[in-house]
Amino acid sequence: MPLADAIAERNRDSWHLHADETTWRVFCPGDGDGPARWWLWVFIGPDTVCFVMDPSRSGAVLARHAGIDEQTGQLTAGEDGGPRRLVISSDVHKVHESAGKKADGLVNLYCAAHVRRHFVRAGDASPVQLKYRTDAWLDRIRDLYRAHDELGAAWQDAAVPAPHRKEATAARLEKAHAAWDDAITVIDEARKKQMQAPGLAEPAKKALATLDREWDGITAHRDYPMVSLDNNVAERQIRGPVVARKNAGGSHNGDTARNAAVIFTVTATAAMAGLNLLTYLTAYLDQCGRNGGKPLAGPALERFLPWNASQEDLRTWAQPPPPG
């Protein structure tokens with residue numbers, strides 16, 4: 001629990017988070033009723049992964065974790081008392097959409113892969129009528145990914161350029177922005193034209209409606225080339241717990257469900273740091289044993305936080321445990 005709490009605190013202070021959620025079955029909730037559907041949330045920062053288990057999928061979960069005042073809907077102040085900015089990458093979800101509209105300084109980036117899947121499904125639903133349209137949309141989205149990749153590379157190149165390359169890197173970044181603008185304009189013109197077309201098949205209408213709903217969150221990627229164009233990292237991260245849920249069915253009660261989130265938080269963050277989970281957890285629990293069987297605190301705990309750990313410890317914990 002102390003490790004998970006420290007990870008969650010650092011995760012909340014991140015300027016950017018990938019977010020996703022999935023269902024989790026709890027068989028004996030605390031109120032004594034029958035099986036209930038809870039939600040497992042994941043928030044991924046630059047060097048932390050935090051899982052949150054909650055009975056609700058409401059905005060209260062996002063508000064508590066991201067530091068949004070539930071009364072005003074605004075981001076709480078930073079450590080220095082000044083305004084905060086927070087960028088959240090997610091699939092479009094009313095919770096994120098609503099928070100982004102209310103909170104000054106909160107930016108929603110929506111997932112291009114999520115939009116792409118809707119066009120693929122449209123083509124699968126009506127392959128004869130929509131194959132040509134679907135193939136054309138996949139080409140447009142592919143071109144947007146290519147433009148974003150080049151924009152990210154150009155931004156990184158221009159961030160700290162060598163003195164003799166300042167003009168070249170600035171020109172590359174300007175060209176990359178122009179290529180992004182061209183790619184997004186092609187998509188914009190196509191979506192507007194097709195939305196007005198008479199007799200469009202219903203699956204195509206749904207795909208276009210999804211793109212329209214997520215449009216602002218897609219175009220906002222232009223200002224954040226350092227962030228991936230999709231939310232696949234969150235979907236991949238939550239896949240492990242989903243496999244565990246399918247094997248176990250869920251959790252017995254609320255306490256065990258929340259314990260699962262604690263374990264997922266610690267192990268996912270350690271894995272992100274490249275640590276061997278058995279070696280790392282063995283070292284941590286061994287120190288707890290040497291601490292009289294009590295959880296670590298203070299400097300003893302900070303030693304095991306991957307972003308604070310020494311290079312020597314990180315190298316040791318990255319190795320597989322000794323045989324036997």
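In this report, the structure presented in the accompanying data block is examined. (Residues numbered from 1 in each chain as written. Predicted model: local features only at pLDDT ≥ 70, side-chain atom pairs only at ≥ 80, totals over all residues. Heavy atoms only, no water.)

The subject of this paragraph is the pairing of strand β3 (residues 49-54). Most of β3 sits out of view: five of its six residues are buried. In this sheet, β3 lies alongside strand β2 (residues 36-44) in antiparallel orientation, the contact comprising six bridges. Its bridge partner being in β3, L40 is matched across the sheet by M53. Between β2 and β3, which pair antiparallel one after the other, the connecting turn spans four residues. (Buried < 20%, exposed > 50% of the residue type's maximum accessible area, 1.4 Å probe, protein only. Helix = DSSP H or I, 4+ residues; strand = E, 2+ residues; numbered from the N terminus. Pairing = 2+ DSSP bridges.)

A few words now on a nonpolar patch on the surface. Together, W15, W155 and M226 line one region of the surface with nonpolar side chains, adding up to about 300 Å² of accessible area. On the secondary structure map, W155 appears in helix α5 (residues 127-159). On the basis of relative accessibility, which here comes to 34%, the residue W155 falls in the partly exposed class. (Patch = residues over 30% accessible without salt bridge, like charges linked within 9 Å, V, L, I, M, F, W, Y side chains within 5 Å. Areas by Shrake-Rupley, 256 points an atom, 1.4 Å probe, with all protein chains shown as cover. Salt bridge = Lys/Arg side-chain N within 4 Å of Asp/Glu carboxyl O.)

If you walk across this open sheet you meet the five strands as β3-β2-β1-β4-β5, and the pairing is mixed. Across the chains shown, the open sheet's two edge strands, defined by having one partner strand only, are β3 and β5 (106-110). The average undirected angle you get between the axes of adjacent strands in this sheet is 30 degrees. Note that strand β1 (residues 16-26) and strand β4 (residues 86-90) share three bridges and pair parallel. (Axes fitted to C-alpha atoms, helices over the stretch in contact; angles between N-to-C directions.)

The next point concerns helix α4 (residues 112-125). Given a rise of 1.5 Å per residue, 14 residues ought to cover 20 Å, and the 20 Å separating the end C-alpha atoms of α4 matches this to within 8%. Buried within α4 are the following residues: A112, A113, H114, V115, H118, F119, A122 and G123. Summarising the contacts, the buried residues of α4 are in contact with β5, α5, α7 (202-213), α8 (215-219) and α9 (232-248). (Expected span 1.5 Å × (residues − 1). Contact = heavy atoms within 4.5 Å.)

Two side chains carrying opposite charge are able to pair once their charged atoms lie near each other. Applying the stated criterion to the full structure yields 16 salt bridges. As a salt-bridge pair, R10 and D47 come within 2.8 Å of each other at their nearest N and O atoms. In this pair, R10 is assigned in helix α1 (residues 2-12) and D47 in the loop between β2 and β3, connecting sequence segments 37 residues apart. Owing to a relative accessible area of 33%, R10 belongs among the partly exposed residues under this scheme. In this structure, D313 engages R303 in a salt bridge whose closest nitrogen and oxygen atoms are separated by 2.8 Å. Placement of the pair is D313 in helix α13 (residues 311-317) and R303 in the loop between α12 (298-302) and α13, with a sequence separation of ten residues. On the basis of relative accessible area, D313 is assigned to the buried category, the value being 13%. Given a relative accessible area of 34%, R303 falls into the partly exposed group.

This brings us to the environment of L173. Tracing the backbone through its elements, the reader meets L173 in helix α6 (residues 166-195). Residue L173 is classed as buried on the basis of its relative accessible area, which comes to 19%. In this structure the C-alpha to C-alpha distance between L173 and A159, which are 14 residues apart in sequence, comes to 10.0 Å. With residues near it in sequence (within four places) discarded, L173 still touches L151, A154, W155 and A158.

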